[in-house]
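Structural description and commentary
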Amino acid sequence: MSVVCIEFKPGLEGVPATQSSISYVDGQKGVLEYRGINIRELAKSSSFLETAYLLIWGNLPTREELENFEHDIRYHRRIKYRIRDMMKCFPETGHPMDALQASAAALGLFYSRRALDNPEYIRTAVVRLLAKIPTMVAAFELMRKGNDALQPRDDLDYAANFLYMLNEQEPDELAAQVFDVCLTLHAEHTINASTFSAMVTSSTLTDPYAVIASAVGTLAGPLHGGANEDVISMLSEIGSIENVRPYLDKCLQTKAKIMGFGHRVYKVKDPRAIILQELAEKLFDKFGYDKYYEIALELEKAVEEKLGGKGIYPNVDFYSGLVYRKLGISSDLFTPVFAIARVAGWLAHWKEQLATNRIFRPTQIYTGEHDVSYTPIQER
Ligand code: ACO
């Protein structure tokens, strides 16, 4: 039976697209849970890979399950030389998100068998994607500077190894620990644009590399994951505390969006922004202050005064860039770093989608004409 919903909701606001037990957001109370566990608890006590396991398989792993998962990911971090060679041909001026989307899709050339009913295929695809995406992000960063990519270091944990491959030196322990928490915070967030994109692609039963590539492409936009990069450009453009209010007034007059603020679901400060702000302060205490932070604090105050009534508060992207800057990550890598983490959530939704799959095929409300006659080109 075909059911037609006649009410059109732009942006599908409030329209349930699936049933899911992966994560939960209460946008009024500022609560985010992964599989029922509060994000603050996971940020404090878990690790990114343990959280990824939780999201994908639905339960916290036993010690043995976690060790096996970490072990498998550690030994799948290398990428094939053909992928590196392909990446060397990417223009160094290209955006790293475009490089990541192309590289993620290219994995399908090497690994796709589409044995989607085979749990071992699912597990291996999960391991490969979680293991190789960071390597590809770091490889593009070094290659665009004209350097060779570094091989992953098997003795380093997930977060530390990524920072090592990116910055060509072993990271400080606090830096690696903070980065791991950032990954946990960005790992999943219900049915947002990129996750929906992943689910739509999954629903056709294509391979998981195409699923992740489509989600990466969707995350790249400035209204979604791309906002973290724009926040730093905005703080740089503001330049000083005195300019904050005139800048905000100008945005409000011209109806320009203030990057890193507002959210479809949260009407209070995003719980991840609160934790990211704490992490930024930890880094400032150890590695020195960032003058953009005081601009950010003043902007948050001013936006709250003017737009708090509309429920516009900092979202996850507002403070993440300040953390990443202190970790030596360049601003056009902020969104690829977000993608590294979100691969966990996308894969969790991929796996969940497969269990009860039906191809996405929504309807439309046609607003065009009918029975229009064809006009020959010489008469137009
Ligand atoms: N600055 C100023 N006003 C804003 C902002 C903002 N950042 N966000 C929303 N508003 C206002 C809108 O102007 C609108 O006001 P109006 O009702 O008077 O016209 C109202 O709040 C609702 O805004 P919409 O754009 O309709 O909200 P929507 O739910 O469609 O969009 C979004 C949410 C895209 C996140 C939006 O808040 C935005 O563009 N923010 C800036 C970009 C950003 O930070 N994106 C990252 C989001 S987090 C993530 O994706 C990882």
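Description of the structure in this document. (Residues numbered from 1 in each chain as written. Predicted model: local features only at pLDDT ≥ 70, side-chain atom pairs only at ≥ 80, totals over all residues. Heavy atoms only, no water.)

Quick look at the overall build of the chain
Each helix and strand in the chain was counted, giving 16 helices and 3 strands. Over its C-alpha atoms, taken along the principal directions, the chain stretches across nearly 70 × 55 × 50 Å. The proportion of buried residues among the 380 residues of the chain is 52%. At a minimum sequence separation of 6, the contacts of the chain that also span at least 24 residues come to 76%. When the accessible surface of the chain is split by element, carbon and sulfur atoms take 50% of a total near 18,700 Å². (Helix = DSSP H or I, 4+ residues; strand = E, 2+ residues; numbered from the N terminus. Buried < 20%, exposed > 50% of the residue type's maximum accessible area, 1.4 Å probe, protein only. Contact = heavy atoms within 4.5 Å. Areas by Shrake-Rupley, 256 points an atom, 1.4 Å probe, with all protein chains shown as cover.)

Considerations on the sheet that holds strand β1 (residues 23-26)
Spatially, β1-β2-β3 is the arrangement adopted by the 3 strands of the open sheet, whose pairing is antiparallel. Each having just a single partner strand, β1 and β3 (37-38) make up the two edges of the open sheet. Where strand β2 (residues 31-34) and β3 come together, 2 bridges link them in antiparallel fashion. Bridge pairing in β3 places Tyr34 opposite Ile37. (Pairing = 2+ DSSP bridges.)

Regarding the environment of Lys301
The topology assignment puts Lys301 in helix α14 (residues 291-307). A sequence separation of 56 residues divides Lys301 from Arg245, and the C-alpha atoms of the two residues are 9.8 Å apart.

Regarding the site of the ligand
For the ligand, the set of nearby residues contains 19 residues, the closest of which are Lys257, Ile258, Phe261, Arg264 and Lys310. His224 is positioned such that a nitrogen or oxygen atom in its side chain is 2.8 Å from an oxygen atom of the ligand. Within the backbone of Ile258, one N or O atom sits 2.7 Å away from a nitrogen atom of the ligand. Protein chains bury 69% of the 920 Å² of accessible surface belonging to the ligand in isolation. (Near = heavy atom within 4 Å. Polar contact = N/O pair within 3.5 Å; in protein donor to acceptor, adjacent residues only side chain to side chain.)

Re the packing of helix α11 (residues 227-238) against α14
Running from N to C, α11 and α14 cross one another at 95°; their axes reach a closest spacing of 10 Å. One finds that α11 runs roughly perpendicular with respect to α14. Contacts between α11 and α14 involve Ile232, Met234, Leu235, Ser236 and Ile238 from the former and Tyr292, Ile295, Ala296 and Leu299 from the latter. (Axes fitted to C-alpha atoms, helices over the stretch in contact; angles between N-to-C directions. Parallel < 35°, antiparallel > 145°, perpendicular 65-115°, else oblique.)

A few points about the packing of helix α4 (residues 81-88) against helix α5 (residues 96-111)
Two packed helices can be described by the angle between their axes and the distance between those axes. Running from N to C, α4 and α5 point in directions that differ by 145°, and their axes come no closer than 11 Å. With respect to the hand of their crossing, α4 and α5 are arranged in right-handed fashion. Touching Arg82, Ile83, Met86 and Met87 of α4 are Ala102, Ser103, Ala106, Leu107 and Phe110, all from α5. Here the residues of the contact of α4 with α5 sort into 7 nonpolar, 1 polar and 1 charged. (Left-handed = near helix turned anticlockwise from the far one by under 90°. Nonpolar A, V, L, I, M, F, W, Y, C, P; charged D, E, K, R; others polar.)

Function cannot be inferred from these measures alone, as they are strictly geometric.
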